Amino acid sequence: MKVHTERWRRENVKLASDGVAGGRTPAESAAATAANALCPLPAKSGEMATVVLVRHGETTWNRDGRVQGWAPSPLTERGHAQARALGAHLATTYDADRVVSSDLRRAVETTDHVRRALSLDATFDPAWRERNFGRLQGLTDAELFGTFPQFALAATGYAAALETPEDGEALVDTRERVLGAWRELRTSLAPDETVVVVSHGGPLYLLLGELKGLDVVSAIVDQEQGNCAVNELRVGGDGSVTLLREDDRAHLDGVDVGDETDVDAGVTRE
């Protein structure tokens, strides 16, 4: 297994905006304990597995600043170029054994480039989907928060994470789904295995936030994930998890990355 030079790319955590909860509520703490997302699994061996989490390439709705959710928005030409660069980078940096992906169109199109570069098949799992924003999908950032301010995390705080759009899901429910997918993946890891996971901004914010001990609001508000960014996790046989790379986009040097404002599933910072 090829191992990238270890480095921890921490972002300075910004002060939460007014109305953002400073820590977990009792309900969140209980849920986190029940989820057991970071508690040790039964030891397999002294070997370390690697999980590489990546976000999909730019889409037409990323470009237009629209909430995507589960909508089948395709990659732009820039998004395809980003995905090709991502695939080439993964092929030269890791000896990957598996590719797991969200089954939404933008993730599938990104995964097509990745799996070809890695000469691997992919498994598509809906548990790695973005948040379902229901009938609010397709709205712009301004339209969403101007008309429905109850979904604005930075302004409303934890209450916004409990709001459920019509035909959609609350952010706390998205987190439960994503952490369930993470637990399942961790349980399946073989010693010294490398798995690439292609997902979306929201799930990556929520999972990395959980690993860092952030509450659900801070996980969304205080982190960044560019299109086709790379995050590397090392998972020990005792269940320990170490974050080695975060929001790494160095492989996109020379690729026109465009405007990466993240309005995937309404996870903008406003």
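Quick caveat: nothing in here was measured; it's all calculated off a predicted structure. (Residues numbered from 1 in each chain as written. Predicted model: local features only at pLDDT ≥ 70, side-chain atom pairs only at ≥ 80, totals over all residues. Heavy atoms only, no water.)

**Some remarks on unusual backbone geometry**
This is how the line gets drawn: Counting from the N terminus, the helices are the DSSP runs of H or I reaching at least four residues and the strands are the DSSP runs of E reaching at least two. Exposure classes here rest on a 1.4 Å probe applied to the protein chains alone. A residue is buried below 20% of its type maximum, exposed above 50%, and partly exposed in between.
If you check the backbone angles, Ser119 has positive phi at about 55° while not being a glycine. With respect to the helices and strands, Ser119 occurs in the loop between helix 4 (105–118) and strand 3 (123–124). You can call Ser119 exposed: its relative accessible area is 66%. The phi dihedral of Cys228 falls on the positive side, at around 60°, and the residue is not glycine.

**Comments concerning the environment of Val51**
Quick note on the threshold: Two residues qualify as a contact provided that any one of their heavy atoms is within 4.5 Å of a heavy atom in the partner residue.
Checked against the element boundaries, Val51 lands in strand 1 (residues 48–55). Residues Val51 and Leu243, spaced 192 residues apart in sequence, show a C-alpha to C-alpha distance of 9.7 Å. With near-sequence residues (within four places) excluded, Val51 lies in contact with Trp182, Leu185, Leu189, Val195, Val197, Asn231, Glu232, Leu233 and Val235.

**Things to note about the nonpolar core**
We apply this condition: In this text, buried Ala, Val, Leu, Ile, Met, Phe, Trp, Tyr and Cys residues form a nonpolar core when linked through side-chain atoms within 4.5 Å.
Residues Val51, Leu53, Trp128, Trp182 and Val197 are the most contacted members of the largest nonpolar core, which totals 20 residues. Counting residues per element, the ones that place at least two in this core are strand 1, helix 8 (171–188), strand 4 (194–199), helix 9 (201–212) and strand 5 (230–236). In this structure, Ala83, Tyr94, Val99 and Val198 belong to the second largest nonpolar core, which totals 19 residues.

**A short note on the pattern of salt bridges**
What counts is decided by this rule: Just to be clear on terms, a salt bridge is a Lys or Arg side-chain nitrogen sitting within 4 Å of an Asp or Glu carboxyl oxygen.
Within this structure, the stated rule accounts for 13 salt bridges. The shortest N-O distance in the salt bridge between Arg135 and Asp167 comes to 2.7 Å. Taken together, the residues span a long stretch of sequence, with Arg135 in the loop between strand 3 and helix 5 (141–147) and Asp167 in the loop between helix 7 (158–162) and helix 8 at a distance of 32 residues. Considered together, Arg135 and Asp167 belong to a single accessibility category, that of exposed residues. Here Glu246 makes a salt bridge to Lys212, at a shortest N to O gap of 2.4 Å. Note that Glu246 is positioned in strand 6 (residues 241–248) and Lys212 in helix 9, a separation of 34 residues in sequence.

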